[in-house]
Number of protein chains: 2
Amino acid sequence: MSCGKISIVGIGPGNFLDMTERAKNAIESAEIISGYKTYLKLIEKILVGKKIIATEMMQEVERAKISVDEARKGSKVAVISSGDAGVYGMAGLVIETILNLPEENQPEFEVIAGISAVNSAAAILGAPLMHDFAVISLSDLLTDWDLIKKRVKCAAEGDFVIALYNPKSRRRVKNIEEVQKILLEFREKNTPVGIVTNAGRADEKKIISTLENFLSEEINMFSLVLIGNSKTFVKNNFMITPRGYEEKYF
Amino acid sequence: MSCGKISIVGIGPGNFLDMTERAKNAIESAEIISGYKTYLKLIEKILVGKKIIATEMMQEVERAKISVDEARKGSKVAVISSGDAGVYGMAGLVIETILNLPEENQPEFEVIAGISAVNSAAAILGAPLMHDFAVISLSDLLTDWDLIKKRVKCAAEGDFVIALYNPKSRRRVKNIEEVQKILLEFREKNTPVGIVTNAGRADEKKIISTLENFLSEEINMFSLVLIGNSKTFVKNNFMITPRGYEEKYF
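What counts and how
Residues numbered from 1 in each chain as written. Chains lettered and ligands numbered in written order. Predicted model: local features only at pLDDT ≥ 70, side-chain atom pairs only at ≥ 80, totals over all residues. Heavy atoms only, no water. Least-squares fit on C-alpha atoms with pLDDT ≥ 70 in both. Contact = heavy atoms within 4.5 Å. Pairing = 2+ DSSP bridges. Helix = DSSP H or I, 4+ residues; strand = E, 2+ residues; numbered from the N terminus. Axes fitted to C-alpha atoms, helices over the stretch in contact; angles between N-to-C directions. Expected span 1.5 Å × (residues − 1). Buried < 20%, exposed > 50% of the residue type's maximum accessible area, 1.4 Å probe, protein only. Core = buried A, V, L, I, M, F, W, Y, C linked by side-chain atoms within 4.5 Å. Phe/Tyr/Trp six-rings, centres within 6.5 Å; stacked < 30°, edge-to-face > 60°. Lys NZ or Arg CZ within 6 Å of the ring centre and 35° of its normal.

Section: the relation of the copies chain A and chain B
Inference 1: After a rotation of 180 degrees and a shift along the axis of 0.0 Å, chain A superposes on chain B with an RMSD of 0.0 Å. Overall, the copies show the geometry of a two-fold rotation axis.
Inference 2: Most of the interface of chain A is mirrored in chain B, where 99% of its interface residues are also at the interface.

Some thoughts on the sheet that holds strand β11 (residues 223-227) of chain A
Inference 1: What the 10 strands build is an open sheet, ordered β10(A)-β9(A)-β11(A)-β8(A)-β7(A)-β7(B)-β8(B)-β11(B)-β9(B)-β10(B); its pairing is mixed. Every interior strand has two partners, whereas the edge strands, β10 (205-210) of chain A together with β10 (205-210) of chain B, have only one. Each neighbouring strand pair of the sheet contributes to a mean axis angle of 15 degrees, computed without reference to strand direction.
Inference 2: For strand β9 (residues 192-197) of chain A and β10(A), the ladder comprises six bridges, and the chain directions are antiparallel. When the bridges of β10(A) are listed, Pro192(A) appears paired with Thr210(A).
Inference 3: Contacting β7 (133-137) and β8 (161-165) of chain B, helix α6 (residues 145-157) of chain B runs over the sheet at an angle of about 165 degrees to β7(B).

Quick notes on helix α3 (residues 60-72) of chain A
The periodicity of an α-helix, 3.6 residues per turn, causes residues three or four positions apart to be oriented the same way.
All names here are of chain A.
Inference 1: Here α3 contains 13 residues, and its C-alpha end-to-end distance of 18 Å stays within 8% of the 18 Å for a straight helix at 1.5 Å per residue.
Inference 2: Taken together, the buried positions of α3 are Glu60, Val61, Arg63, Ala64, Ser67, Val68, Glu70 and Ala71.
Inference 3: One or two positions beyond α3, positive phi appears at Gly74, with a value near 115 degrees.

Here we look at the nonpolar core
Inference 1: In this structure, Ile6(A), Ile8(A), Val94(A), Ile6(B) and Val94(B) are the most contacted members of the largest nonpolar core, which totals 56 residues.
Inference 2: Ignoring sequence-local partners within four residues, the contact set of Val94(A) consists of Ile6(A), Ile8(A), Ala64(A), Val68(A) and Val79(A).
Inference 3: With 48 residues, the next largest nonpolar core counts Ala155(A), Val152(B), Ile207(B) and Leu211(B) among its residues.

Some points on the packing of aromatic side chains
Inference 1: Applying the stated rule across the entire model yields six aromatic pairs over all chains.
Inference 2: Here the aromatic rings of Tyr36(A) and Tyr39(A) are separated by 5.1 Å at their centres, their planes lie at 75 degrees, and the arrangement is edge-to-face.
Inference 3: The exposure class of Tyr39(A) is buried, given its relative accessible area of 14%.
Inference 4: Ring geometry for Phe109(A) and Phe238(B): centres 4.8 Å apart, planes at 50 degrees, overall tilted. Of this pair, Phe109(A) sits in strand β5 (residues 108-112) while Phe238(B) sits in strand β13 (residues 238-240), which puts the two residues in different chains.
Inference 5: Since its relative accessible area comes to 16%, Phe109(A) is described here as buried.
Inference 6: Lying across the ring of Phe160(B), Arg151(A) places its NZ or CZ 5.8 Å from the centre.
Inference 7: Sitting above the plane of the Phe238(B) ring, Lys206(B) keeps its charged end 4.2 Å from the centroid.

Printed below as a string of structure tokens:
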């Protein structure tokens, strides 16, 4: 029996103030930290003296295997994801890698939730998530584009507030345009759209636009795009989705 | 001009380890703390010596007004919500109350994101949120039941993982039964369903069941119910929604 352990840690948006104490403790007590280079850099202050497994983007499968192997051999390992490790993060891949091993070789593991991008962005924009919402990634690397479009359509039809992860990258620019077209079939042109780029980091940027015009704003792979529902409004540059108290109590 | 300020703070599931440092700082530096009694109790350790505005459930409108008024008069106020104040929490109501005042009377405010129930529950269940998901509250106090049902149907049709907030209370027991019926029109009987009650608290309880059988389990107003999508599976009592690496890389 080994006494290794693997913690799959969501570090939140990338500053220590928005990290939970549990996440910080797990990183500080680990001997080996693995993660995508850009995110490791955000927390390098607490990584001094630790063994680092840094990989490039899209090497998640390899990173999960190495991390699990180190824990199996007896090390305390922390695998980090920005935001919440449980939302499009490393949790699934690491747990699957562990559960695919023979039971006697499976290291102990835990998932530590972090503030996900949709929650960080919402706090910056005001209160856009006061009502039911859908979270959709526009990356079609691992998901059929047709399924993503279907989900956008269903979310639009259900009048959900919609959070778009991975809205656009240098190589993927058309998806968000198609999404805009679908949404315009269901929602008004002036539906509020919030774009938060680099939430919680030094170069944080908040934009509030409309469904008709938001594509003229800068959107990149560090952006989170939030589409309002039919009741979302903008006031003093804050985006608010009413919960319904107004109709009932005001 | 007053120098009061209001922080709308998500305290996470209710223990200090899962609270962010920013949330803790805001509470510690506030003179007045307002919140629902049950949630104030969870953090009473750091409330010593502060003025407390504790109200019962469903007095949110009054609590928001009193809190904003205190900030307007110059106090540092923290309004707390469990989970994320921006997700079915106090953020919207407090911001609306502020923005409805004449501009010269509006106190400064900030929203501090916390770990929302869907993220806490997911971490406990394994990795159910690795793919697109929809968050729906089953409380029909402020929302038409027909709209809620429509959203459940749209989310089911889009094969979203579905997180149900406020799934059931003593007075509201039928809604979750109707939801099950709708979901069974779109998903297999053996679709995994996770129920986490009192996440992150002393009496935390995790159950993994199926869409056909989950209603026989205890579900209350401190429960979060997570319905898997068509690819979600259970292994060693963990609930996992694959991201798609398997099909592409394994």
